[in-house]
Amino acid sequence: MDTPSPTRSQDAAAPLSLAIDGMTCASCVRRVERALQAVPGVSAAHVNLATERAEVAFAGPPDVPAAIAAIHQAGYAVAEESLDLSVAGMTCASCVGRVERALGKVPGVLAASVNLASERAQVRVLRGVAAGELVRAIERAGYEARLDSGARSAEDADETRRAAERAALKRALGWAAVFTLPVFLLEMGAHLIPALHHLIQHTLGQQANWVVQGVLTTLVLFGPGLRFFRIGVPALLRAVPDMNSLVAVGTSAAYLYSLVATFAPGLLPAGTVNVYYEAAAVIVTLILLGRFLEARAKGRTSEAIRRLIGLQAKTARVRRSGQTLEVAIEEVRSGELVEVRPGERLPVDGEVVEGSSFVDESMISGEPVPVEKFPGVAVVGGTVNQNGALTLRATRIGSDTVLAQIIRMVEQAQGAKLPIQALVDRVTLWFVPAVMLAALLTFAVWMVFGPQPALTFALVNAVAVLIIACPCAMGLATPTSIMVGTGRAAELGVLFRKGEALQLLKDARVVAVDKTGTLTRGRPELTDLLVAPGFARDIVLGKVAAVEDKSEHPIARAIVAAAQAQGLALGQLEHFAAVTGYGVRATVDGTRVEIGADRFMARLGLDVEVFAADARRLGDEAKTPLYAALDGRLAAMLAVADPIKDGTPAAIRALHALGLKVAMITGDNRRTAEAIARQLGIDEVVAEVLPDGKVAAVERLKAEHGRLAYVGDGINDAPALAAADVGLAIGGGTDIAIEAADVVLMSGDLGGVPNAIALSKATLGNIRQNLFWAFAYNTALIPLAAGLLYPLNGMLLSPIFAAGAMALSSVFVLGNALRLKRFVAPFRPAPAAECSTAPA
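Residues numbered from 1 in each chain as written. Predicted model: local features only at pLDDT ≥ 70, side-chain atom pairs only at ≥ 80, totals over all residues. Heavy atoms only, no water.

### Description of the confidence of the model for the chain
Stage number 1. Mean pLDDT over the chain: 80, with 84% of residues reaching 70 or higher.
Stage number 2. Of all the helices and strands in the chain, helix H28 (residues 735-740) carries the lowest mean pLDDT, 60, while strand S19 (residues 510-513) carries the highest, 93.
Stage number 3. Across residues 1-13, confidence stays below pLDDT 50; counting only partners more than four residues off in sequence or on other chains, it has 37 contacts.
Stage number 4. With pLDDT under 50 throughout, residues 830-840 is counted as low confidence; its partners more than four residues away or in other chains account for 26 contacts. (pLDDT = per-residue confidence, 0-100. Helix = DSSP H or I, 4+ residues; strand = E, 2+ residues; numbered from the N terminus. Contact = heavy atoms within 4.5 Å.)

The structure is reproduced here in structure tokens:
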């Protein structure tokens, strides 16, 4: 949650220290000083060029946003950084608000976002703010915190802590159950089974029965239940009560009342002497049960991150000084040669320099089909080598690898707060104090208007209100769905770089796509080769490729690549000549070869009518045919184009099935663009536009149709990706495009778009279900716990049932969120045979 003006509350005597980027000389220093001195309230400003810092003193409360704005207006930037903290001890949504407020008061904090489900805080600060200050602020608020130092170590430490917490909860639950069961049988069993009641009365007697219950309940409250008092009472004394405070107050009220009834009954009004030990003990036991189930379920929400981190190799075999050494992955240096055996994970990103194999890249693309790797081809760390030995040259190591970037993206998306969470935060911030007020009102109303014994009724109903209204489910409703949804998306090759995209994408009305590299493969390929009667295809292709091998033109390179891919020998070339405006000619192994347009064939006296029908078809597909003649005879017609990706037609159909309009925005010529649009059934074409024209087209489509998602892969797509409501970058595209995008499709296939939209809808639907349950549940049950139905039908809600219902509420929300792990992607790539662009 962004914290407004977080640093205004800092001590006026402490100068504000700001790190400034962009200063190069003394005039810069003076310019920044003048800008800061003009800010209202600034008493002094000193800028140091060597340290690149400004020390700003304020006469009153510091206005940090104004100081930052002044520096920006002067043409410089205030350096910022993000810190991740692990926070322990949070139990409900009010804890989240409390930690965020505590962080917001630390000088230099610009924004703080706390996630209850992942128990993480993401804090945006001015560079130079000490992490220790943030940790101490959280500790002063009553929680434990530490700085996350790295993905692997942080996750390992978190998992160790969570495992220890689960084990402690399990032990506490076991002891609580052991002590609570006799209390429950002695009190409730006696009410339900008359024979048991008589047995207890004739053996123990009422007073001894109450003393035994009191002893056992004391063991429960100050043994396993002490955790609620240790956290809840200090929070209550600081006037910032949380869920633990509600439990502590509720159980204490029932326990203390019972002690008075047991040992000083004369202090209570006549007719009100009764004990509620079983309520206090059972409440603690049931809430511990809920906490334990909650801890187990919360552990499952972060499985995606743990699986991704598990893909990172711990060691690598590196060639050094003529030897192959096995070293820790942290010790591998960029440029070193790394050996990978069959069946092993690739430890780093790199380029194959020796060997060939097939590599399973499903962890980054979501596609199960292994990809062939050979010298010169890039590979990604974390993928699995299958049947051959490879030697790689490391190109990216450590935090720069694709896998490390994926982990960072998923963590950032999981820690994000969606716009829908803002309402939840505002409500839950005041929810616990409101519950305590409702409990006091309940007690007062029953004391004044309730039947006799009024004190008993007042106590029981007030305790029920305190216990049932805990906002745990509210705090978990959104973050758990986000964690599971974004984790499932990563497994499908869809990475949400920004959490907000998860909410915005479901409302998209139009999907705009770039052509080259998005709809198409992004490189020219030989798509058609039709040979005349009497000629063999391989012989014609080999001789044509031998001639084109002299050229660096993309069309020529595509023909040569097609011949090389089929293992064809190119032959001996002689007498090469370019015929300006017509084509080229040469002799290959004694055969005269001439290649060019139809006018070249006409000049040679050759009739191309035999290919007329196919030429018209190619023209409709925006392909320009070329002709080849061997020894003066028409031999073949060829076409080179940027072919449509195999999965594109099915992906467009899937988008239409979702009710979306599809528009193509491209810098290519209109004839080519419209031909591709006809093939794919694209609704609207914007062609022959420059990058700024793409932005204008995006704005126009948004105005006409509503929320827009843009899909692209190139540098020229970055402005359009940023201008769209949601930008989706093809994973095989440029770093600039990916940085500008909100969502990254690692598969490099347009089919990730309908999958991302479907997952967005499923996740937001899941969040709405959770919020409805959490809000409706508390709204409905607080009046019930207060005894609203008693005048109508005599119904009251026992504090015991209130505790069970409260615990089950959180478990329901977590269980519902975990259903997203079973999300099935609606799109499956079409088989390659479906695409009509395969070479004939």
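### Comments concerning the UniProt feature "transmembrane region" (unreviewed entry) in the chain
Stage number 1. Using the residue numbers shown here, the UniProt feature "transmembrane region" (unreviewed entry) corresponds to residues 172-196, 208-226, 246-268, 274-293, 427-449, 455-478, 771-790 and 796-818.
Stage number 2. Structurally, residues 246-268 comprises 78% helix and 0% strand, and the distance from its first C-alpha atom to its last is 24 Å.
Stage number 3. For the annotated span residues 771-790, helix accounts for 85% and strand for 0% of the residues, and the straight-line distance between the end C-alpha atoms is 28 Å. (UniProt positions renumbered as here; feature names shortened; annotations may be inferred.)

### Observations concerning the nonpolar core
Nonpolar side chains tend to gather and get buried jointly when the protein is soluble and globular.
Stage number 1. One finds Leu103, Leu134, Phe496 and Leu728 to be the most contacted residues of the largest nonpolar core, which totals 161 residues.
Stage number 2. If sequence neighbours within four positions are ignored, Leu103 has contacts with Leu85, Val109, Ala112, Val114, Ala121, Val123, Leu134 and Ile138.
Stage number 3. Formed by 42 residues, the second largest nonpolar core is a distinct cluster that contains Leu526, Val540, Val544 and Leu568. (Core = buried A, V, L, I, M, F, W, Y, C linked by side-chain atoms within 4.5 Å. Buried < 20%, exposed > 50% of the residue type's maximum accessible area, 1.4 Å probe, protein only.)

### Side note on the environment of Gly731
Stage number 1. Among the structural elements, Gly731 can be located in the loop between strand S29 (726-730) and H28.
Stage number 2. Look at Gly731 and you get partly exposed, because its relative accessible area is 22%.
Stage number 3. Once the C-alpha coordinates of Gly731 and Asp749 are considered, the two residues, 18 residues apart in sequence, prove to be 8.4 Å apart.

### With respect to the packing of helix H24 (residues 648-657) against helix H29 (residues 752-786)
Stage number 1. The geometry of H24 relative to H29 is characterised by a closest axis approach of 8 Å and an angle of 30° between their N-to-C directions. Considering their axes alone, H24 and H29 lie roughly parallel with respect to each other. Of the residues in H29, those touching H24 at Ala651, Ala654 and Leu655 are Val753, Pro754 and Ile757.
Stage number 2. Its residues assigned to classes, the contact of H24 with H29 shows six nonpolar, no polar and no charged. (Axes fitted to C-alpha atoms, helices over the stretch in contact; angles between N-to-C directions. Parallel < 35°, antiparallel > 145°, perpendicular 65-115°, else oblique. Nonpolar A, V, L, I, M, F, W, Y, C, P; charged D, E, K, R; others polar.)

### With respect to the sheet that holds strand S30 (residues 743-745)
Stage number 1. With mixed pairing, seven strands are arranged side by side in an open sheet as S18-S30-S29-S28-S19-S26-S27. Single-partner strands in this sheet number two, and they are strand S18 (494-496) and strand S27 (684-686). Between one strand axis and the next, the sheet turns through 20° on average, direction left out of account.
Stage number 2. Across the sheet, H29 touches S18, S19, strand S28 (708-712), S29 and S30, and the angle it forms with S18 is around 50°. (Pairing = 2+ DSSP bridges.)

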